[in-house]
Amino acid sequence: MIQNMTDAAMAARANAYAPYSGFKVGAALKGESGRIYTGCNVENSSYSMTICAERNAVFQAVAAGERHFRTIAIVGGRTDDEAESKPCVPCGACLQVLAEFCGGDLPVLLADGVHKLSDFLPSQFCLDEKG
Ligand code: THU
């Protein structure tokens, strides 16, 4: 299971568009249905328009009608070797977006092993009226 998810993240990473940073990221998000949604980072000449791989994967899933998730695998680096060996921790924006749909127990598969979402985001912004 871990290898399948990592392979899917690596395959998505191959499509990353990162001409400015040279840092390619891939994410694979498994829904409760068992379907896997993938995303890669897509950079832009206007730098702040860049979207991260993890948010790309979440938005793909939500657009397909899935809102409950089992696990996410993330790989990132300037080279394939780096992506396979060095953990790529999700940025704060991606953690907040993941927390919108996933509990703190969500397994986050990185190159150094399995973490939990709450390891990286112990608390999150939440509107009172969210329900
Ligand atoms: N990036 C991601 O795709 N995910 C993260 O969680 C952090 C950073 C991307 C954004 C940018 O294209 C490149 O990595 C360097 O910051």
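To keep things clear, this report deals only with the structure shown in the data block. (Residues numbered from 1 in each chain as written. Predicted model: local features only at pLDDT ≥ 70, side-chain atom pairs only at ≥ 80, totals over all residues. Heavy atoms only, no water.)

1. A short note on the sheet that holds strand β5 (residues 113–116)
Argument step 1. One open sheet accounts for five strands, arranged β2-β1-β3-β4-β5; its pairing is mixed. Edge positions in the sheet fall to β2 (36–40) and β5, since each has one partner strand and no second. The sheet shows a mean angle of 20° between the axes of neighbouring strands, direction not considered.
Argument step 2. Taken together, the two bridges between strand β3 (residues 69–77) and strand β4 (residues 107–110) define a ladder with parallel strand orientation. Counterpart to I72 in the pairing with β4 is V108.
Argument step 3. Most of the contacts of helix α1 (residues 2–13) go to strand β1 (residues 24–31), to which it runs at about 135°, and overall it touches β1, β2, β3, β4 and β5. (Pairing = 2+ DSSP bridges. Helix = DSSP H or I, 4+ residues; strand = E, 2+ residues; numbered from the N terminus. Axes fitted to C-alpha atoms, helices over the stretch in contact; angles between N-to-C directions. Contact = heavy atoms within 4.5 Å.)

2. With respect to the nonpolar core
Argument step 1. Membership of the largest hydrophobic core comes to 22 residues, with the highest contact counts inside it found for L29, I72, I74, L98, L106, V108 and L117.
Argument step 2. Mapped by element, the contributors of at least two residues to this core are β1, α2 (53–63), β3, α4 (92–101) and β4.
Argument step 3. In contact with I74, not counting residues within four places along its chain, are V25, G26, A27, E54, C88, P90, V108, L109 and L110.
Argument step 4. Counting residues in each nonpolar core, the second largest holds nine residues, with M5, A8, M10 and A73 among its members. (Core = buried A, V, L, I, M, F, W, Y, C linked by side-chain atoms within 4.5 Å. Buried < 20%, exposed > 50% of the residue type's maximum accessible area, 1.4 Å probe, protein only.)

3. With respect to the pairing of β2
Argument step 1. Alignment of β1 against β2, held across five bridges, turns out to be antiparallel. Following the sheet pairing, A27 is matched in β2 by G39.
Argument step 2. Turn length for the β1-β2 hairpin, with the two strands adjacent in sequence and antiparallel, is four residues, and the turn residue G34 shows positive phi of about 95°.

4. Observations concerning α1
Since the α-helix advances by 3.6 residues per turn, residues separated by three or four positions end up pointing in the same direction.
Argument step 1. For α1, which comprises 12 residues, the first-to-last C-alpha distance of 16 Å matches the rise-based estimate of 16 Å (1.5 Å per residue) to within 8%.
Argument step 2. All of the buried residues in α1 are M5, A8, A9, M10, A12 and R13.
Argument step 3. In the core, the buried residues of α1 are packed alongside β1, β2, β3, α3 (80–85) and β4. (Expected span 1.5 Å × (residues − 1).)

5. Overview of the site of the ligand
Argument step 1. By nearness alone, every residue bordering the ligand is listed as S21, F23, V25, N41, E43, T50, C52, A53, E54, P90 and C91.
Argument step 2. In this structure, an oxygen atom belonging to the ligand sits 3.0 Å away from a main-chain N or O atom of A53.
Argument step 3. E54 places a side-chain nitrogen or oxygen 2.7 Å from an oxygen atom of the ligand.
Argument step 4. Of the residues in the shell around the ligand, the class split is six nonpolar, three polar and two charged. (Near = heavy atom within 4 Å. Polar contact = N/O pair within 3.5 Å; in protein donor to acceptor, adjacent residues only side chain to side chain. Nonpolar A, V, L, I, M, F, W, Y, C, P; charged D, E, K, R; others polar.)

6. Quick look at the side chain of T71
Argument step 1. Here T71 shows up in strand β3.
Argument step 2. A polar side-chain atom of T71 sits 3.1 Å from the main-chain carbonyl oxygen of P107.
Argument step 3. Each residue touching T71, except ones within four places of it in the same chain, is listed here: M1, M5, A28, L29, K30, L106, P107 and L109.

7. Some remarks on the side chain of K30
Argument step 1. In this fold, K30 is placed in strand β1.
Argument step 2. No salt bridge is formed by the buried K30. Its closest oppositely charged neighbour is E32, at 10 Å. (Lys, Arg positive; Asp, Glu negative; His and termini not counted. Salt bridge = Lys/Arg side-chain N within 4 Å of Asp/Glu carboxyl O.)

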